[in-house]
Amino acid sequence: MRKAQKRQIEETIRQMEEAHDEIKRCIEKRIAVQAGELLADCQNAAVAIGTLIEETEGEGHSTVKVLEEYCELVYQIHEELLSDSNINNINCVNTINANKVYKSLRQKLIKASNSIINNIKIRTEAVFLPYKASMWDSLESVWKAADADPNCDAYVIPIPYFDKNPDGSFKEEHYEGNQYPNYVPVTHYDTFDFGKHMPDVIYIHNAYDDWNLVTSVHPDFYSRNLKNYTEELVYIPYFVLGEIDPDNEQAVEGMKHFCFMPGIINADKVIVQSENMKKIYVREYLKAAKGHGFTGKHLDRAYLERKFLGTGSPKIDKVLNTKKEDLEIPDEWLKIIKKPDGSFKKVVFYNTGISALLQYSEDMLVKLESVFGIFKDYKDEVALLWRPHPLIKATIESMRPWLWESYQKIRDRYIEEGWGIYDDTADIDRAIMISSAYYGDPSSVVQMYQTTGKPVMIQNVEVIQNIETGV
């Protein structure tokens, strides 16, 4: 049974207790009709509770039998009340003992209430709302724990999102519900009635709502709307940042914008990657909330200390729990990775992100061609696995539209030549596990990659020649 349903039952029982008081008063004042009506109301309430229990817990539940005993007692009292009334004065009660009636009703109701408390377990409903399949790893370990809990119903509901035009208007809609691992049961968002379910907790990994210039989840799933359908909205970032000393003002300045977004403002809990990061989030949230004129709990440090949890990132959990032998490697990848003698080449995970592209624009395209040229020369010994950020296309079209044609030509030529791997799948952990080293832009992927103990080299866009692969 859901928590809200059990709370509804508890409220009904409270109302029945109040009705018992009124029944006692009516009998003492010899008002038979009103006492009889209240008894009927109590019986109807007990039947409604029993029906709900059978719907949620199954027929034959022990609590329903106790409620049936209560209903039988109510019926007996009602019959006695009617037979004891003067046929010519239906408001007259002669010999019924009000205290005895009250005590017997109370005892039966307490027995039913105790059975509800002890014999009906609360089932939690947890809903996970990823939007890009490639970012699912930020929620997966939390979902796995919820899914393994026998008292929890966990739903994975991928939500649609839009790319944005330069003017902020929506372009085409995307839905990636068919790109999740086979072991993840996906529920289509159109088939899930949030108003009916009222999940106990909703998890999101997109905090931007309408603040993002490049993409937007469907407005129905903005955090301010989700708040209406759950008691607890939880935000978990889809990225992992480099660890920062809270006293390093310059480093904090570069990431503080992450600390005050709509999803963070509206969330009841925010899970960040470490205790140091929690300190930064709390401090920077307070500053931003004051600057925006917020009041109440938004300026309550004690509340924020409970709201922000530095318990770690599920993305790291996913990397640490992924085993190389369990990976499914496409045949076309194996053709590139394997040498003619059957041995395997070293694989370099080449990661290109959004920030470098926005910062360097055309120079970044030159860098790409330079990197591909170097690795093509070494293709017999080293396999390059290029994995651009999943929002590269949307970012270029929205913020650097003049670059798209040139970028597209470079990408298509790389794919057509076939000497390297192009990875645009949702599974970043596969790329991390099969590769021998990381090369590319600074990003949250670096923090994940470092947990493997394998080498990491950050590319310098301004260096075009003499690139060392470090492998």
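Cut-offs applied
- Residues numbered from 1 in each chain as written.
- Predicted model: local features only at pLDDT ≥ 70, side-chain atom pairs only at ≥ 80, totals over all residues.
- Heavy atoms only, no water.
- Helix = DSSP H or I, 4+ residues; strand = E, 2+ residues; numbered from the N terminus.
- Expected span 1.5 Å × (residues − 1).
- Buried < 20%, exposed > 50% of the residue type's maximum accessible area, 1.4 Å probe, protein only.
- Pairing = 2+ DSSP bridges.
- Contact = heavy atoms within 4.5 Å.
- Axes fitted to C-alpha atoms, helices over the stretch in contact; angles between N-to-C directions.
- Phe/Tyr/Trp six-rings, centres within 6.5 Å; stacked < 30°, edge-to-face > 60°.
- Lys NZ or Arg CZ within 6 Å of the ring centre and 35° of its normal.
- Lys, Arg positive; Asp, Glu negative; His and termini not counted.
- Salt bridge = Lys/Arg side-chain N within 4 Å of Asp/Glu carboxyl O.
- Polar contact = N/O pair within 3.5 Å; in protein donor to acceptor, adjacent residues only side chain to side chain.
- Core = buried A, V, L, I, M, F, W, Y, C linked by side-chain atoms within 4.5 Å.
- Parallel < 35°, antiparallel > 145°, perpendicular 65-115°, else oblique.
- Patch = residues over 30% accessible without salt bridge, like charges linked within 9 Å, V, L, I, M, F, W, Y side chains within 5 Å.
- Areas by Shrake-Rupley, 256 points an atom, 1.4 Å probe, with all protein chains shown as cover.
- Charge placed at Lys NZ, Arg CZ, Asp CG, Glu CD.
- Left-handed = near helix turned anticlockwise from the far one by under 90°.
- Nonpolar A, V, L, I, M, F, W, Y, C, P; charged D, E, K, R; others polar.

Draft legend 1. Representation of helix α1 (residues 3-28) within the structure. With 26 residues, α1 extends 38 Å between its outermost C-alpha atoms, agreeing within 8% with the 38 Å of an ideal straight helix rising 1.5 Å per residue. The set of residues buried in α1 consists of Lys6, Ile9, Thr12, Ile13, Met16, Ala19, His20, Ile23, Cys26 and Ile27. In the stretch just after α1, arginine 30 is the one whose phi turns positive, near 60°.

Draft legend 2. Quick look at the sheet that holds strand β16 (residues 456-458). Spatially, β14-β13-β12-β15-β16 is the arrangement adopted by the five strands of the open sheet, whose pairing is parallel. Of all the strands in the sheet, just β14 (421-422) and β16 have a single pairing partner and so form its edges. As defined by bridge partners, strand β12 (residues 346-352) adjoins strand β15 (residues 437-440) across four bridges and the pair is classed as parallel. Within β15, the position partnered with phenylalanine 349 by the bridge is tyrosine 438. Strands in contact with helix α15 (residues 362-377) are β12, β13 (382-388) and β15; relative to β12, the strand with the most contacts, it is inclined by about 175°.

Draft legend 3. Quick look at unusual backbone geometry. Residue aspartate 209 is not a glycine yet carries a positive backbone phi of 50°. Counting through the fold element by element, aspartate 209 comes out in the loop between β7 (201-204) and β8 (215-217). Non-glycine residue serine 361 carries a positive phi angle of around 50°. Structurally, the position occupied by serine 361 is in the loop between α14 (354-360) and α15.

Draft legend 4. Structural context of the packing of aromatic side chains. Enumeration over the complete set of coordinates arrives at 32 aromatic pairs. Taken together, the ring pairs connect Tyr350, Phe372, Phe375, Trp386, Trp404, Tyr407, Tyr414, Trp419, Tyr422 and Tyr439 into an aromatic cluster. The positively charged end of arginine 430 is found above the aromatic ring belonging to tryptophan 333, 4.5 Å away from the centroid.

Draft legend 5. Region of interest: the sheet that holds strand β9 (residues 232-235). Strands sit in the order β4-β3-β7-β9-β10-β11 across an open sheet of six strands; the sheet is parallel. Both outer strands of the open sheet, β4 (152-156) and β11 (308-309), are each paired with one neighbouring strand and no more. The pairing of strand β3 (residues 124-129) with β7 spans four bridges and is parallel. The residue of β7 that forms the bridge with valine 127 is isoleucine 202.

Draft legend 6. The side chain of aspartate 209, seen in detail. Among buried Asp, Glu, Lys and Arg side chains, aspartate 209 stands out as unpaired, with arginine 224 the closest opposite charge at 4.3 Å. Among the polar contacts made by the side chain of aspartate 209, one reaches the side chain of serine 223 at a distance of 2.7 Å.

Draft legend 7. Region of the structure containing the pattern of salt bridges. Counted under the stated rule, the structure contains 32 salt bridges. Arginine 14 serves as the salt-bridge partner of glutamate 11, at 2.4 Å between the closest nitrogen and oxygen. Note that glutamate 11 and arginine 14 are positioned in helix α1 at a spacing of three residues, about one turn of the helix. A salt bridge links glutamate 69 to lysine 111; the nearest nitrogen and oxygen atoms lie 3.3 Å apart. With glutamate 69 in helix α3 (residues 62-83) and lysine 111 in helix α4 (residues 98-119), the pair connects residues that are 42 residues apart, well separated along the chain. For lysine 111, a relative accessible area of 42% gives the class partly exposed. One network of salt bridges, with partners in common, ties together Glu140, Lys144, Lys318 and Asp429.

Draft legend 8. Inspection of the pairing of β12 at higher detail. Burial of β12 is extensive: six of the seven residues sit out of reach of the surface. Pairing of β12 with β13 involves seven bridges; the strand directions are parallel. Bridge pairing in β13 places phenylalanine 349 opposite leucine 385.

Draft legend 9. Quick look at the nonpolar core. Leu129, Met255, Ile264, Tyr281, Tyr350, Leu368 and Phe372 are the most contacted members of the largest nonpolar core, which totals 71 residues. Broken down by element, this core gets its largest block of residues, eight residues, from helix α10 (residues 275-291). In this view, leucine 129 contacts Leu139, Ile157, Ile159, Phe194, Ile202, Tyr203, Ile204, His205, Phe221 and Leu226; residues no more than four positions away in its chain are not counted. Formed by 35 residues, the second largest nonpolar core is a distinct cluster that contains Met1, Ala46, Leu105 and Ile116.

Draft legend 10. Structural detail: the environment of serine 169. Structurally, serine 169 is set in the loop between β5 (161-164) and β6 (170-174). Sequence-wise, serine 169 and valine 319 are 150 residues apart; in three dimensions their C-alpha atoms are separated by 36 Å. Apart from the residues within four sequence positions on either side, serine 169 is in contact with Asp163 and Lys164. Only 2.6 Å separates the side chain of serine 169 from the side chain of aspartate 167, close enough to count as a polar contact.

Draft legend 11. Expanded view of the packing of α1 against α4. Packing of α1 against α4 brings their axes to within 9 Å, and their N-to-C directions diverge by 175°. In terms of orientation, α1 and α4 fall into the roughly antiparallel class. Across from Lys6, Ile9, Ile13, Met16, Glu17, His20, Asp21, Ile23, Lys24, Ile27 and Glu28 in α1, the residues of α4 making contact are Ala98, Asn99, Val101, Tyr102, Leu105, Arg106, Leu109, Ser113, Ile116 and Ile117.

Draft legend 12. A negative patch on the surface, seen in detail. A cluster of acidic residues, Glu54, Glu55, Glu59 and Glu68, forms a negative patch on the protein surface. If you trace the backbone, glutamate 59 turns up in the loop between α2 (32-57) and α3.

Draft legend 13. Geometry of the environment of valine 366. Following the sequence through the fold, valine 366 ends up in helix α15. Taking C-alpha positions, valine 366 is 23 Å from valine 347, a pair spaced 19 residues apart along the chain.

Draft legend 14. Seen up close, the side chain of lysine 278. Of note, lysine 278 is situated in helix α10. Apart from the residues within four sequence positions on either side, lysine 278 is in contact with Val272, Glu305, Phe308, Leu309 and Gly310.

Draft legend 15. Seen up close, the packing of α2 against α3. For the pair α2 and α3, interaxial distance at closest approach is 9 Å and the crossing angle is 165°. It follows from the interaxial angle that α2 and α3 lie roughly antiparallel. The handedness of the crossing between α2 and α3 comes out as left-handed. Along the contact surface, α2 presents Ala32, Ala35, Gly36, Leu39, Cys42, Gln43, Ala46, Val47, Ile49, Gly50, Ile53 and Glu54, while α3 presents Thr63, Val64, Leu67, Tyr70, Cys71, Val74, Tyr75, Ile77, His78 and Leu81. Partitioned by chemical class, the residues of the contact of α2 with α3 number 16 nonpolar, five polar and one charged.

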